Every structure is written in structure tokens, then in C-alpha cells.
Amino acid sequence: MTAEREEVLQKARVAKEIAPIIAGCSSAKKDEVLLAVAAALVDNTSDILAANATDIERGRAAGMSKSLIDRLALDADRIAGMAGGLRQVAALKDPVGEVIRGSVMPNGVQMRQVRVPLGVMGMVYEARPNVTIDAFGLALKSGNVALLRGSKSAKTSNEKLVTLVQDVLARHDLPREAVQLLPCESHDSVQDLITARGLVDVVIPRGGAGLINAVVTGATVPTIETGTGNCHLYIDREVDLEQAIALLINGKTRRTSVCNATETVLIDAGLRDVEKREIIDALHSAGVTVHGDTEPWETLGIAGVVAADEDDWANEYLSMDIAAKLVDGLDAALAHIRTYSTGHTEAIATTNATTALRFANEVDSAAVMINASTAFTDGEQFGMGAEIGISTQKLHARGPMSLPELTSTKWILHGTGQTRP
């Protein structure tokens, strides 16, 4: 057994051992710790930024892409946002102990189904040090212990953040091991985590398609799949075009490195030519490179569209690029989405209520936006505080995952000596 594997398994054993302590922690205690960590983040902003600068410098020297640098980078506002997310989580209702349903058997036995923590929660994620804080906050509030396997690119930032959190936990008489950072020098530690059956109760991957696929296909521990975001916006022929363009530009350019960014725009061929040109011109003016079938756009007198291949329609660009396609109405738009969607978020811009309703009913994704930007698929925007990720699977959790999604349930039956005949 390698030293790295032994470290992962030992930390998992400790996590399993202290899980009952965290599961039994009162709501008041958990909220007290969350607020204290939020304050510590703000108070230690300069130290966190210094650690993050080390990671950024190392990433740039290694040729890290601009989008990954953006995910990695922290600033005072982002740290304040991380603290704010913890305060929101502290203000939310504690899901642990919530009665989902209950009844009384004819013989008088009382039955209750209640929410309980999942237990030991493993997180595998790339680049984004804010996930370290989000994962800790949501894990603690839902009564779970967090094992965090961040990427090597964010190693210094994550070490600083986890040490800060552990110090706060210790000051509040809770085990430091309620959150632990796993080694990240090789991919082997990921495999060690996702195969630690009996020690780890669930693993959640958060990152690019390669990472997610590696975890989901290689895990023997139950996983919750958080998917990539090839998010579409369909611009219908019946539309407030100014509003639609605003949605498109916001969804594409607000922050290109996130999974809720708009990556494909489907434009109804029934729009007037001048309207089609206006859409593409708006993207070009915003600095977005448009990929598509060049002939239709050249026919409209639009230059600068990069010839698309099959990969473009399925691509999560995470950059100032977008795929654009002319489609013959709603049926063609829905067919395209069914073929290429990752099941994350799809949006429609239309003034036709019937078209909007059909789009909402027939799109099979975790979130559907009607005349709203794809950027709204976010736990904080949904009023959940932070999020652990956006689930694109259908079992247990779907969409932004927050506190309830990090619990399971158990049945408690209360009798007075009844026996079954």
C-alpha cells in the first residue's frame, strides 16, 4: 500500500469515526461555527489571497488555460462572496430531523420518515477553491463529514482554507477532522477515495467532463453526478428581440468559465434576416467567437463565423465562444437539444405562451428558463445559499444541490409492544 493510499484511508477512517458526532450536532452549534468561519474568511483575506497568488503563478507557468485560471482565482469580492454563502447556509432551515411523512398503523404503531445525514461525503473537484468552503458549509449544516480532494492546481489555496476552517472547528469544541483535505499529487488518491466502500458514504465529482466521467465510471462508492453544461438558448420567431439578445449576452459573457454559461444559441429560421444579423452582430460586438454552419450566415451577409464540426454542437466551451445554429422552429430546436444537451439548463426566449409551455414540458434537463438567462441555475440564486454542484442525474437529486439533497432518510417506528401476527 502506498503512503498516499494509506493517508486517504486513514483520513476516511477518522471521518467515519467522528461522523456520529457531527450528525448529532445541534443546529445552533452548526450555525455558530458557520458564522465564525465566515468571519474568519474576511479577517484572513490577505493571507488567503497570498496563498491563491502562489497557485495562480504556478498555474500560469504550467500553461493553464484562461478559463481555469478564472476558476482558480480569488479576490476580495469572491472571498466576501464565500463568506456570504456561509451566512446564507447558516440562515437556512436545518434539514436533519425533518419529518418527511408519517402515519399510524391500525395497531397503533407510529411511523415517521425523517431526514438524516448521508455520513462521510467525498468531494472531487477541480481548480475552484471556493468549492472547498461551499462543500464544508453544506456538509456541516446537513450533518455530514467532508473529505475534500481538490486539484493540485489549487493546493496552496485549499490548504490555507481548510486549516482556517479546522482552527474554527477546534475553537468551538468540534473535531478538526469534520473537514479534511486529501492528498492531490497524483490521480491515485481520487481512485482511493472513490473505492473506499464502507468508509465513504457518497462521492460527488465537480469539474470537467473528464473528471466527472472518471469518477462515475470508476467508483464503487455511491456517486451523485454533477454534469457539464452545454446550455442552450432557443430564440423563437415570436420574440422580444432586444430582450432575447440581452439574455444571450448575459448567459454567454457574464462568466464564461461556469457550467451555467450559454454555450449554444438556436435561432428560429422564421425570424427576419435583419433580426438574425442583429443577433450575430451582438455576439461579435461582445467579443464572442461564433461557430456554426458558415453558408447560411454568409448568405445573410454575415462574416466571421467559424466553421463548426460535430464537436462544436456538444462543446462546453467555457470561453468566449458559442455555437450558433439556424433551426426550423420549435420542433427542430427540441430535436437539437435532445441530441446534444448535457441535461443541465435550457432556455427559451419567446412571447408565445403556448410555445413556452411546450418547451418547458418537453425539455428533459435539470432546469428550464423561460425568458430568463441560463446563468440563474445556481444554488445561491435559488435561495439555497451555497451549492455542492448541479446534479444532471435523475435519482436522489437533480439541479442545484443544497442541504436536503445531502441527506437521506430513515424510518422510525414507535410502538407499545405490538407484535406482527
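Naming follows an unreviewed UniProt entry, where the protein appears as Gamma-glutamyl phosphate reductase of Corynebacterium mustelae. Regarding the protein, the UniProt comment filed under Sequence similarities (unreviewed entry) reads as follows: "Belongs to the gamma-glutamyl phosphate reductase family." One UniProt comment on the protein, placed under Subcellular location (unreviewed entry), says "Cytoplasm".

(A) Expanded view of the UniProt feature "domain: Aldehyde dehydrogenase" (unreviewed entry) in the protein. Mapped onto this numbering, the UniProt entry gives "domain: Aldehyde dehydrogenase" (unreviewed entry) at residues 3–285. Between the end C-alpha atoms of residues 3–285 there is a gap of 54 Å, over a span that is 53% helix and 16% strand.

(B) Seen up close, the pairing of strand β4 (residues 145–149). For β4, a buried count of five out of five residues is recorded, marking the element as mostly surrounded by other parts of the structure. Of the two faces of β4, the one lined by Val 145, Leu 147 and Arg 149 and the one lined by Ala 146 and Leu 148 are each fully buried. In this structure, strand β3 (residues 120–125) lies alongside β4, joined through five bridges in parallel fashion. In the strand pairing of β4, Met 123 is matched with Leu 148. On the question of chirality, the crossover connecting β3 to the parallel β4 by way of helix α6 (residues 130–141) is right-handed. In this structure, β4 lies alongside strand β5 (residues 179–181), joined through three bridges in parallel fashion. Along β5, the bridge assignment pairs Leu 147 with Gln 180.

(C) Unusual backbone geometry, seen in detail. Positive phi outside glycine occurs at Asp 173, with the angle close to 60 degrees. Looking at the secondary structure, you find Asp 173 in the loop between α7 (155–171) and β5. With a phi close to 75 degrees, His 396 is a non-glycine residue in the positive phi region. Relative to the helices and strands, His 396 resides in the loop between β14 (389–391) and β15 (399–401). Of the residues examined, His 396 reaches a relative accessible area of 48% and is grouped as partly exposed.

(D) Fine view of empty space enclosed by the protein. If you walk through the whole model with that rule in mind, you get one cavity of 30 Å³ or more. Along the wall of the largest cavity there are 17 residues; nearest its centre are Arg 71, Arg 128, Arg 206, Gly 207 and Cys 259.

(E) Region of interest: the layout of surface pockets. Roughly 630 Å³ of internal volume is contained in the largest pocket. Lining the largest pocket are 28 residues; nearest its centre among them are Arg 128, Asn 130, Arg 255, Asp 378 and Glu 380. Those elements that provide at least two residues to the lining of the largest pocket are α5 (76–91) and α6. Per-element tally for the lining of the largest pocket: the top contributor is α5, with five residues. Partitioned by chemical class, the residues of the lining of the largest pocket number nine nonpolar, eight polar and 11 charged. Counted as a void, the second largest pocket has a volume near 170 Å³. Contributing to the lining of the second largest pocket are Val 124, Tyr 125, Glu 126, Arg 149, Ser 151, Lys 152, Ser 153, Cys 184, His 187, Val 190, Leu 211 and Val 215. At the level of elements, β3 and α9 (209–218) are the ones that each hand at least two residues to the lining of the second largest pocket. Looking at the lining of the second largest pocket, its residues break down into six nonpolar, three polar and three charged.

(F) Spotlight on the nonpolar core. Counting residues in hydrophobic clusters, the biggest one holds 69 residues, and the most contacted among them are Leu 41 and Val 200. Beyond its immediate stretch of four places on either side in the chain, Val 200 contacts Ala 12, Val 120, Gly 122, Leu 147, Leu 193 and Val 221. Counting 29 residues, the second largest nonpolar core, distinct from the first, contains Leu 271, Ala 282, Val 288 and Ile 302.

(G) Looking closely at the pairing of strand β7 (residues 231–235). The buried fraction of β7 is high, at five of five residues. Side chains Cys 231, Leu 233 and Ile 235 project from β7 onto one buried face, and the interleaved His 232 and Tyr 234 project onto a second face that is buried too. In terms of strand pairing, β7 meets strand β8 (residues 262–268) through five bridges, oriented parallel. For His 232, the partnering residue across the bridge sits in β8 and is Thr 264. The handedness of the β7 to β8 crossover, carried by helix α10 (residues 241–253), is right-handed. In terms of strand pairing, β7 meets strand β12 (residues 345–349) through four bridges, oriented parallel. Across the sheet, residue His 232 finds its bridge partner in β12, namely Glu 346.

(H) Spatial organisation of the domain arrangement of the protein. By the assigned domains, the protein splits into domain 1 (3–226 + 397–414) and domain 2 (231–381). Its C-alpha centre places domain 1 at a distance of 33 Å from the equivalent point of domain 2. For the pair domain 1 and domain 2, the two sides together bury roughly 900 Å², of which 41% comes from carbon and sulfur. Three residues stand out in domain 1 for area buried against domain 2, namely Arg 71, Arg 398 and Pro 400, and they jointly supply 47% of the buried area on that side. Across the contact surface, domain 1 and domain 2 share two salt bridges. Between Arg 398 and Asp 364 there is a salt bridge, and its shortest N-O distance comes to 2.9 Å.

Parameters at a glance
- Residues numbered from 1 in each chain as written.
- Predicted model: local features only at pLDDT ≥ 70, side-chain atom pairs only at ≥ 80, totals over all residues.
- Heavy atoms only, no water.
- UniProt positions renumbered as here; feature names shortened; annotations may be inferred.
- Helix = DSSP H or I, 4+ residues; strand = E, 2+ residues; numbered from the N terminus.
- Buried < 20%, exposed > 50% of the residue type's maximum accessible area, 1.4 Å probe, protein only.
- Pairing = 2+ DSSP bridges.
- Right-handed = clockwise from strand over helix to strand, strands pointing away.
- 1 Å grid on protein atoms, 1.4 Å probe; cavity = no way out; pocket = protein on both sides within 12 Å on 5 of 7 lines; lining within 4 Å.
- Points joined across faces, edges and corners; volume = space filled by probe spheres on them.
- Nonpolar A, V, L, I, M, F, W, Y, C, P; charged D, E, K, R; others polar.
- Core = buried A, V, L, I, M, F, W, Y, C linked by side-chain atoms within 4.5 Å.
- Contact = heavy atoms within 4.5 Å.
- Domains from an automatic or database assignment.
- Buried area = accessible area lost by both parts, 1.4 Å probe.
- Salt bridge = Lys/Arg side-chain N within 4 Å of Asp/Glu carboxyl O.

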